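# Coordinate analysis (summary)
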Amino acid sequence: MTVLVTGGAGYIGSHAALALLDAGRHVVVLDNLSQGHRWAVPAGAAFVEGDCGDYELVGKLITDHDVTAIMHFAGSIIVPESVVYPLDYYYNNTVNSRALAQATVDAGIRHFIFSSTAGVYGEPAKTPILEDFPSKPISPYGTSKMMTEKMLADASVAHDMNYVALRYFNVAGADPKGRAGQTSRKATHLIKIASQAATGVRSHLEIYGEDYETPDGTCIRDYIHVSDLANAHVLALEYLENGGESDVMNCGYGRGFSVKEVISAVKEVSGVDFPVKLAERRPGDPAALIAGADRVREKLGWVPKHDDLEMIVRHALDWEESLKNRQVVDAA
Ligand SMILES: NC(=O)c1ccc[n+]([C@@H]2O[C@H](COP(=O)([O-])OP(=O)(O)OC[C@H]3O[C@@H](n4cnc5c(N)ncnc54)[C@H](O)[C@@H]3O)[C@@H](O)[C@H]2O)c1
Ligand SMILES: O=c1ccn([C@@H]2O[C@H](COP(=O)(O)OP(=O)(O)O[C@H]3O[C@H](CO)[C@H](O)[C@H](O)[C@H]3O)[C@@H](O)[C@H]2O)c(=O)[nH]1
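Definitions and cut-offs
Residues numbered from 1 in each chain as written. Chains lettered and ligands numbered in written order. Predicted model: local features only at pLDDT ≥ 70, side-chain atom pairs only at ≥ 80, totals over all residues. Heavy atoms only, no water. Helix = DSSP H or I, 4+ residues; strand = E, 2+ residues; numbered from the N terminus. Near = heavy atom within 4 Å. Polar contact = N/O pair within 3.5 Å; in protein donor to acceptor, adjacent residues only side chain to side chain. Areas by Shrake-Rupley, 256 points an atom, 1.4 Å probe, with all protein chains shown as cover. Nonpolar A, V, L, I, M, F, W, Y, C, P; charged D, E, K, R; others polar. Domains from an automatic or database assignment. Phe/Tyr/Trp six-rings, centres within 6.5 Å; stacked < 30°, edge-to-face > 60°. Buried < 20%, exposed > 50% of the residue type's maximum accessible area, 1.4 Å probe, protein only. Pairing = 2+ DSSP bridges. Right-handed = clockwise from strand over helix to strand, strands pointing away. Buried area = accessible area lost by both parts, 1.4 Å probe. Salt bridge = Lys/Arg side-chain N within 4 Å of Asp/Glu carboxyl O. UniProt positions renumbered as here; feature names shortened; annotations may be inferred.

Looking now at the environment of Gly 200. Assignment of secondary structure puts Gly 200 in the loop between helix H6 (190–198) and strand S8 (205–208). Taking the C-alpha atoms as reference points, Gly 200 and Phe 274, 74 residues apart in sequence, are found 8.5 Å from one another.

This is the structure in structure tokens:
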């Protein structure tokens with residue numbers, strides 16, 4: 001009875017592995033270490049280095065570790081990069097997920113939890129965004145995830161498998177106990193970048209556009225603490241094991257902060273007035289993404305513990321400081 005966590009050497013996957021272990025589960029992590037770090041895999045989890053699209057390898061590790069459920073975090077995650085290298089994104093996020101799904105159904109695995117994204121909605125007509133709004137991604141990243149969602153939906157009808165696709169909004173923060181955090185080799189996320197600027201890893205931060213149709217002209221996002229998100233995965237697994245029907249669920253708090261509000265919070269919490277410059281809009285950025293997040297609460301009984309921007313920022317800053325001691329910071 002082991003959970004296979006693909007991408008468990010990365011940011012969200014390592015937190016999910018911790019949450020599973022904390023819940024008394026057995027975990028095996030599969031990660032090709034293209035972005036993640038071996039040391040980020042929690043001590044209590046088994047680790048296999050390899051690709052989630054390697055059908056033979058996945059089949060073997062399912063047998064070797066008595067895997068009964070999959071949590072699929074492995075993927076390429078940077079929206080603007082997907083605009084420049086779309087075929088790489090379709091390969092890693094869609095083609096490799098197809099191979100993983102094939103290995104899953106061939107091995108008779110009955111539960112699958114997938115890391116999807118608010119990016120599947122594109123530019124929503126209104127907020128908050130509900131799960132039944134149309135999927136009209138405006139980036140290859142969003143399309144690559146939408147296609148995997150559709151594969152899982154079809155596979156769950158044809159095979160004895162139920163799934164939940166969790167559509168994450170903007171994930172941020174770090175494990176409150178300091179056991180894990182974001183250590184991306186190519187940091188792009190706002191709170192991570194701002195934390196690096198506040199801790200001196202980066203010289204400054206750029207705001208990508210202040211001419212959006214929002215109150216202060218900068219983009220609005222729904223920032224969710226990574227530990228609350230990890231807990232939603234544990235609940236989703238219990239839900240599927242108890243026979244829950246396949247579904248998609250938004251993961252956010254249902255409120256948004258602008259880029260400028262986030263920068264103010266990081267300056268306030270850190271006490272550092274780091275330089276901020278204005279820059280051009282970044283391709284693929286919708287103006288506002290706020291989750292309608294009732295479904296995940298109602299169906300999974302999810303109750304967040306960290307819905308507080310200052311707490312999210314505090315944990316992100318603490319992690320950034322700890323990385324300086326480990327000497328594994330990204331180059332600015
Ligand atoms: N971070 C966010 O705000 C966010 C929002 C929505 C969805 N997501 C999704 O959550 C998942 C995890 O994101 P993250 O922020 O932890 O990213 P991350 O880059 O920290 O982690 C991804 C991990 O997957 C591994 N990986 C990538 N391709 C692989 C492959 N083919 N085989 C095996 N391992 C592979 C990487 O080495 C890395 O450890 C992704 O699928 C991402 O699309 C993230
Ligand atoms: O240095 C920076 C970094 C970001 N931003 C802005 O901050 C906002 C948030 O950007 P992030 O890069 O932190 O996050 P995204 O909204 O682009 O995307 C994230 O959330 C999405 C869902 O909302 C996807 O799932 C995706 O995987 C994940 O990277 C955007 O308006 C972006 O333009 C800046 O102004 N400066």
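Moving on, we get to the site of ligand 2. Not every one of the 21 residues close to ligand 2 is listed here, only the nearest: Thr 117, His 189, Glu 206, Arg 282 and Asp 285. Between Ile 77 and ligand 2, the recorded distance is 3.4 Å, taken from a backbone N or O atom to an oxygen atom. Interatomic distance of 2.8 Å between a side-chain N/O atom of Arg 221 and an oxygen atom of ligand 2. Relative to its unbound accessible surface of 690 Å², ligand 2 loses 94% to contact with the protein. Broken down by secondary-structure element, the contributors of at least two residues to the shell around ligand 2 are H6 and S8. Element by element, the count of residues in the shell around ligand 2 is highest for S8, at 3 residues. Within the shell around ligand 2, the residues separate by chemical class into 13 nonpolar, 4 polar and 4 charged. When residues of the shell around ligand 2 are sorted by domain, at least three fall in each of domain 1 (2–172 + 222–251) and domain 2 (190–221 + 254–296 + 306–326).

Once that is clear, we can look at the site of ligand 1. With respect to spatial proximity, 29 residues lie near ligand 1, and among them Ile 12, Asp 31, Asn 92, Tyr 141 and Lys 145 are the closest. One nitrogen or oxygen atom from the side chain of Asp 31 is found 2.6 Å from an oxygen atom belonging to ligand 1. Within the contact set of ligand 1, a nitrogen atom lies 3.0 Å away from a backbone nitrogen or oxygen of Cys 52. Secondary-structure elements contributing two or more residues to the shell around ligand 1 are helix H1 (11–22), helix H4 (86–106), strand S5 (111–117) and helix H5 (140–158). Sorting elements by how many residues they give to the shell around ligand 1 places S5 first, with 3 residues. Classifying every residue of the shell around ligand 1 by side-chain character gives 12 nonpolar, 14 polar and 3 charged.

A separate point is the packing of aromatic side chains. Within the structure shown, the criterion is met by 4 aromatic pairs. With a centroid separation of 6.5 Å and 35 degrees between ring planes, the pair formed by Tyr 121 and Phe 169 is classed as tilted. Of the two residues, Tyr 121 sits in the loop between S5 and H5 while Phe 169 sits in the loop between strand S6 (162–168) and strand S7 (170–172), which places them 48 residues apart along the sequence. Here Tyr 121 and Phe 169 have matching classes, each one buried.

Let's shift gears to the pairing of strand S2 (residues 26–31). Judged by how many residues are buried, S2 sits mostly within the fold: 5 of 6 residues are covered. Bridge count for strand S1 (residues 2–6) against S2 is 5 bridges, and the pairing is parallel. For Val 5, the partnering residue across the bridge sits in S2 and is Val 29. In the classification by handedness, the crossover that spans S1, the intervening H1 and the parallel S2 is right-handed.

A few words on the domain arrangement of the protein. Here the domain parsing of the protein yields domain 1 (2–172 + 222–251) and domain 2 (190–221 + 254–296 + 306–326). For the domain 1 face of the interface with domain 2, the top three residues by lost area are Asp 222, Tyr 223 and His 225, together amounting to 31%. For the interface between domain 1 and domain 2, the tally reads 3 salt bridges. Between Asp 247 and Arg 295 there is a salt bridge, and its shortest N-O distance comes to 2.8 Å. Elements with a minimum of two residues in the side of domain 1 that touches domain 2: helix H3 (79–84), S7, strand S10 (223–225), helix H7 (226–241) and strand S11 (247–251). Broken down by element, the side of domain 1 that touches domain 2 gets its largest block of residues, 5 residues, from S11.

For the rest of this paragraph, the subject is the UniProt feature "domain: NAD-dependent epimerase/dehydratase" (unreviewed entry) in the protein. Those places that UniProt annotates as "domain: NAD-dependent epimerase/dehydratase" (unreviewed entry) correspond, in this numbering, to residues 3–252. Taken as a whole, residues 3–252 contains 37% helix and 20% strand, while its terminal C-alpha atoms sit 24 Å from one another.

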